[in-house]
Structures are given as structure tokens and as C-alpha cells.
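# Summary of structural features
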Amino acid sequence: MQQIMKQAQKMQQQVAQAQAELAAAELTGSAGGGLVSVVMTGLGEVKSVRIDPKAVDPDDIESLEDLVLAAIRNAAEAQRELTEAKMGPATGGLGGGLGIPGF
């Protein structure tokens, strides 16, 4: 039982470290050949959105909206991959299929 407790404490420390690394990480997603870019933390918080003036067409707002959405999705995919890379080793593969982010 004591061995299990030690393993649980070690896992908890690894998860805390992985979460700190994710919080500090910044990932960039882009769309439209870089016309729109989004910076997101490793925890999924959007920090900034940059839109090149060339992407702004008052007669075609829908395309700009699509570019922003695509850039956010691109950053979110990078965030998901980073979360799996950081949290997977920390949890030893626990939680798979439970719908817990990072597990």
C-alpha cells in the first residue's frame, strides 16, 4: 500500500509539473498563409489574434471569419498535441477514454 501511495505522489508531482509547463507554453496557429494568426497557451487560453490588413475585405467578412476560426483550430490542435506529450508520461497513460483533457 505504501508503494502505491509513493507512486501516486510521484504521479501527482509529474502532473503538476506538466500543467505548469503547459501554462507557460505559447503555441501559434495560423491560416490563410499567415494572414491570420492566433497565440494560445498550452492550457487553451487565447492570448492574441493578429490579422493582416490584406485579409480584411469589407465585402467578404465571411472569409475573414473563416480564417480566424481556422487559425484558432490550428492553435487548438497544437495545444492538444502538446498536452498529450506533456501529460501522457506524467499519468502513465491513465484516463484514456475518460474524456479528461490531457489524459
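Details of the structure are given in the entry above.
Every value quoted in this text rests on a predicted model; they were computed, and no experiment measured them. Along every chain, residues carry numbers that run from 1 in the direction the sequence is written. With the structure being a predicted model, the display of local features is reserved for residues of pLDDT at least 70 and the display and counting of side-chain atom pairs for 80 or more, all residues being used for whole-chain, interface and lining totals. Hydrogen atoms and water are omitted, and side-chain values are computed over all heavy atoms in the structure.

A pairing counts as a salt bridge when a side-chain nitrogen of Lys or Arg comes within 4 Å of a carboxyl oxygen of Asp or Glu. Per the counting criterion, the structure on display carries 3 salt bridges. Residues Arg-80 and Glu-77 are paired through a salt bridge, measuring 2.4 Å at the closest nitrogen-oxygen approach. Of this pair, Arg-80 and Glu-77 are both found in helix α2 (residues 61–91), 3 residues apart, which corresponds to roughly one turn of the helix. Here Glu-84 and Arg-80 are joined by a salt bridge, their closest N and O atoms 2.5 Å apart. A residue pair is termed a helical-turn pair when its members lie 3 or 4 positions apart in one helix, as Glu-84 and Arg-80 do in helix α2 at 4 residues. Summary of the burial criterion: residues with accessible area below 20% of their type's maximum are buried, those above 50% are exposed, and those between are partly exposed, where the area comes from a 1.4 Å probe applied to protein chains only. In this structure Glu-84 comes out as partly exposed when scored by relative accessible area, which is 44%. Only DSSP runs of H or I with at least four residues qualify as helices, and only runs of E with at least two residues qualify as strands; both kinds are numbered from the N terminus onward.

Counting buried residues along strand β2 (residues 36–41), 6 of its 6 residues qualify, which places the element largely inside the surrounding structure. By definition, two strands form a pair when at least two bridges between them are found by DSSP. In sequence, strand β1 (residues 26–31) turns back onto β2 through a hairpin of 4 residues, with Gly-32 there showing a positive phi of about 65°. As paired strands, β2 and strand β3 (residues 46–51) are joined by 5 bridges and run antiparallel to one another. Its bridge partner lying in β3, Val-38 is registered against Val-49. Hairpin remark: β2 followed by β3, antiparallel, with 4 residues in the connecting loop; positive phi at Gly-44, about 95°.

What follows concerns the nonpolar core. Grouped together as the largest cluster of nonpolar side chains are 9 residues: Ala-31, Val-36, Val-38, Met-40, Ala-55, Leu-64, Leu-67, Ala-71 and Ala-75. Secondary-structure elements contributing two or more residues to this core are β2 and α2. Of the residues forming this core, the biggest block, 4 residues, is contributed by α2. Here Leu-67 is in contact with Ala-31, Gly-32, Val-36 and Ala-55, once residues within four sequence places are set aside. As used in this record, nonpolar core signifies buried Ala, Val, Leu, Ile, Met, Phe, Trp, Tyr and Cys residues forming a set joined through side-chain atoms within 4.5 Å. Residues count as neighbours in contact if any of their non-hydrogen atoms are within 4.5 Å of one another.

Okay, the sheet that holds β1 next. Judged by pairing direction, the sheet is antiparallel, and its 3 strands sit side by side in the order β1-β2-β3 without closing on themselves. Whereas interior strands pair on both sides, the edge strands pair on one side only; in this sheet they are β1 and β3. Neighbour-to-neighbour, the strand axes of this sheet turn through a mean angle of 15°, independent of strand direction. Simply put, an axis is a line fit to the C-alpha atoms, just over the touching stretch for a helix, and the angle between two N-to-C directions goes from 0 to 180 degrees.

By themselves these figures say nothing about function.
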